[in-house]
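Topology and contacts: notes
If you want the building blocks of each chain, they are given just below.
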2 protein chains.
Amino acid sequence: MPRPVNDRPVRIGPGSVPTPADESRFALKRDRMLRAAAHCFNEKGYSGTSLKDVAARLGLTDAALYYYVRNKEELVYLCYVRAAEVGREALAAAVSEGSTGLDKVRRYLGAHVAGMVGERGPVAIMSEIPSLEPAHREEILALSRRHGAAFEKLLAEGIADGSIRPCDIRMTGNAIMGAINWIPKWFHGDAEQASHVVREFPEILSAGLAAPGKEHRDDGRRARAPADSPADSTVGRDT
Amino acid sequence: MPRPVNDRPVRIGPGSVPTPADESRFALKRDRMLRAAAHCFNEKGYSGTSLKDVAARLGLTDAALYYYVRNKEELVYLCYVRAAEVGREALAAAVSEGSTGLDKVRRYLGAHVAGMVGERGPVAIMSEIPSLEPAHREEILALSRRHGAAFEKLLAEGIADGSIRPCDIRMTGNAIMGAINWIPKWFHGDAEQASHVVREFPEILSAGLAAPGKEHRDDGRRARAPADSPADSTVGRDT
DNA sequence: AGTTGATTTTAATCTAGATTAGAATATTGT
DNA sequence: ACAATATTCTAATCTAGATTAAAATCAACT
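Here the structure is a predicted model, which is why all the values come from computation and not from measurement.

1. Let's talk about the overall build of chain A
When its secondary structure is counted, chain A shows 7 helices and 0 strands. Listing the helices and strands of chain A from first to last along the sequence gives α-α-α-α-α-α-α. The buried share of chain A, taken over its 239 residues, is 46%. For chain A, contacts bridging at least 24 residues in sequence account for 67% of all contacts bridging at least 6.

2. Re the nonpolar core
Soluble globular proteins tend to pack their nonpolar side chains together in the buried interior. By size, the foremost hydrophobic cluster in this structure holds 130 residues, and its most contacted members are A37, C79 and Y80 of chain A together with A37, C79 and Y80 of chain B. Setting aside anything within four residues of it in sequence, one finds A37 of chain B in contact with V54, L75 and C79 of chain B.

3. A look at the packing of helix α3 (residues 72–97) of chain A against helix α4 (residues 101–117) of chain A
All names here are of chain A. Put simply, α3 and α4 touch, their axes get as near as 8 Å, and they point 150 degrees apart. As far as their axial angle goes, α4 and α3 are roughly antiparallel. By crossing handedness, the relation of α3 to α4 is classed as right-handed. The residues of α4 that touch α3, namely those facing V86, G87, A90, L91, A93, A94, V95 and E97, are K104, R107, Y108, A111, H112, G115 and M116. A per-class count over the contact of α3 with α4 returns 9 nonpolar, 3 polar and 3 charged.

4. Quick word on the environment of I140 of chain A
As for its placement among the helices and strands, I140 of chain A is situated in helix α5 (residues 134–160). Sequence separation of I140 of chain A and V81 of chain A is 59 residues, and the distance between their C-alpha atoms is 6.8 Å.

5. Some words on helix α4 (residues 72–97) of chain B
For α4 of chain B, built from 26 residues, the straight-helix expectation of 38 Å at 1.5 Å per residue is met to within 8% by its first-to-last C-alpha distance of 38 Å. Buried residues of α4 of chain B: L75, V76, Y77, L78, C79, Y80, A83, A84, G87, A90, L91 and A94 of chain B, and no others.

6. A short note on the confidence of the model for chain A
Residue and element names in this part refer to chain A. Of the residues in chain A, 80% have a pLDDT of 70 or more, and the chain-wide mean is 87. Contacts from residues 5–17, a stretch scored under 50 in pLDDT, to residues over four places away or in other chains number 14 contacts. Within the model, the stretch residues 230–234 combines pLDDT values under 50 with 21 contacts to residues more than four positions away or in other chains.

7. Side note on the environment of E74 of chain A
With respect to the helices, strands and loops of the structure, E74 of chain A is situated in helix α3. Linking E74 of chain A and I183 of chain A, residues 109 residues apart in sequence, is a C-alpha distance of 23 Å.

8. As for the packing of α4 of chain A against α5 of chain A
Residue and element names in this part refer to chain A. With their axes 7 Å apart at the nearest point, α4 and α5 run at an angle of 145 degrees to one another. Contacts between α4 and α5 involve G101, L102, K104, V105 and Y108 from the former and L154, L155, E157, G158 and I159 from the latter. Partitioned by chemical class, the residues of the contact of α4 with α5 number 6 nonpolar, 2 polar and 2 charged.

9. Focus on helix α5 (residues 101–117) of chain B
The end-to-end C-alpha distance of α5 of chain B, which contains 17 residues, comes to 24 Å, matching closely the 24 Å that a straight helix rising 1.5 Å per residue would cover. In terms of burial, α5 of chain B is largely enclosed, as 16 of its 17 residues are buried.

10. Thoughts on the environment of G213 of chain B
Residue and element names in this part refer to chain B. Tracing the backbone through its elements, the reader meets G213 in the segment after α9 (191–206). Looking at G213, the number of C-beta atoms within 10 Å reads 7, which means it is exposed. It is 10.0 Å that separates the C-alpha atoms of G213 and R165, two residues lying 48 residues apart in sequence.

What counts as what
- Residues numbered from 1 in each chain as written.
- Chains lettered and ligands numbered in written order.
- Predicted model: local features only at pLDDT ≥ 70, side-chain atom pairs only at ≥ 80, totals over all residues.
- Helix = DSSP H or I, 4+ residues; strand = E, 2+ residues; numbered from the N terminus.
- Buried ≥ 20, exposed ≤ 12 C-beta atoms within 10 Å, placed from the backbone.
- Contact = placed C-beta atoms within 7 Å.
- Core = buried A, V, L, I, M, F, W, Y, C linked by C-beta atoms within 7 Å.
- Axes fitted to C-alpha atoms, helices over the stretch in contact; angles between N-to-C directions.
- Parallel < 35°, antiparallel > 145°, perpendicular 65-115°, else oblique.
- Left-handed = near helix turned anticlockwise from the far one by under 90°.
- Nonpolar A, V, L, I, M, F, W, Y, C, P; charged D, E, K, R; others polar.
- Expected span 1.5 Å × (residues − 1).
- pLDDT = per-residue confidence, 0-100.

Right under this line is the structure:
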């Protein structure tokens, strides 16, 4: 009963090199686990979710989680790494595929939101960065800053090429990132809703950016009544 | 040594009615305590702050906090009530003083942001609503929903009176509220910065709302370099 | 110059959950 | 079927922090 070290199971004994299949099985299972954890954290809050909760979602025992992760802190840390990944990939894709600054921003927003509410499964809201152990905290903060800086670069680029109207870059970044970061608080995985969010949200976030004359085609969108649900999302809305 | 019940100290014995001074002293101290707690929660995360941390900020012992609050859960709950208050007041003032829907929205944003970063001291980010005890959770969620609904009403009003361009009200609300809710994550009480935030942030949040022709006077604002600091606020930026 | 209640402290408990050890079961390859 | 590792479970610990009891200090009033 070897105990996995770092991020892969230890293989010992003669003639047993870890096959790619093994690695990926482990990686896949761990990823499922991270999604389960993210779901719990978003749904029940950090202090409100015990390892038993996370394990239950996987049909496992709390103790079983320790096969994949050193402790709860590392579980959170990995959730955050994963969340950062989703953002990074979205941004990278947008940068390589987009044209003007505004176009890149729009593509990024679309991709990131799509990732968060879609296939990349639930992404954990990063509210507990400060309680990570120092090394992990610094790493996540570094990713976070890198991402923020990269996004601000897009804004600057857009202003330079005239696609985005002049604005306070830092504040604009704060606003948009905040709106994105908060998504897990009000979105609770209804696949149908997801497509709606992917369609509308990026549009709304970038609505204020376009330079005069560069507005986006508004494809006959009309005021929609606040959907059906009671009315939610707000000064802290949540489950 | 009476123990306070509910939200005021118990007074007993002949000839000792609680004087207004007493009440307000208690209320004031408790408010200081809630601000200290909010500061800690925002800075160190929820699970990262012990009652000792909060007490330390007040020059007290952890045990002393129990004079003001039944337990940690109630402390968080009260922080959230306070946060909701700040939002509610801002919205109420905006509604009574504003003219068009857009104008009300702008006033609300200004007032709420000003409250969060200003005199009303730090406001706790509501990330742990789910771990409140059921009664408290429901109450906070109710406040939250009420606030969200009221804000959406402003948007609807603006669309009706032509000051706000047609848009998906629910999503727009989610976006703006998310950006606001996330403020405590990147703002760390520098009084100078505060005024900058109050000037810029509401402007940015409402930039995408104005109906064509109704744009706000852009008082010669120019692209500003990302200030000085490293570059932050982002997919989870924080201390 | 003491009485009364308000506020805080010291010094223990108490406890939910994280964590661990070791046994049990599953899976894969031969 | 067997060996060998992978994965999970059962059954205890362990522990940081919340919580409590009772005593000590403080502030206001007579």
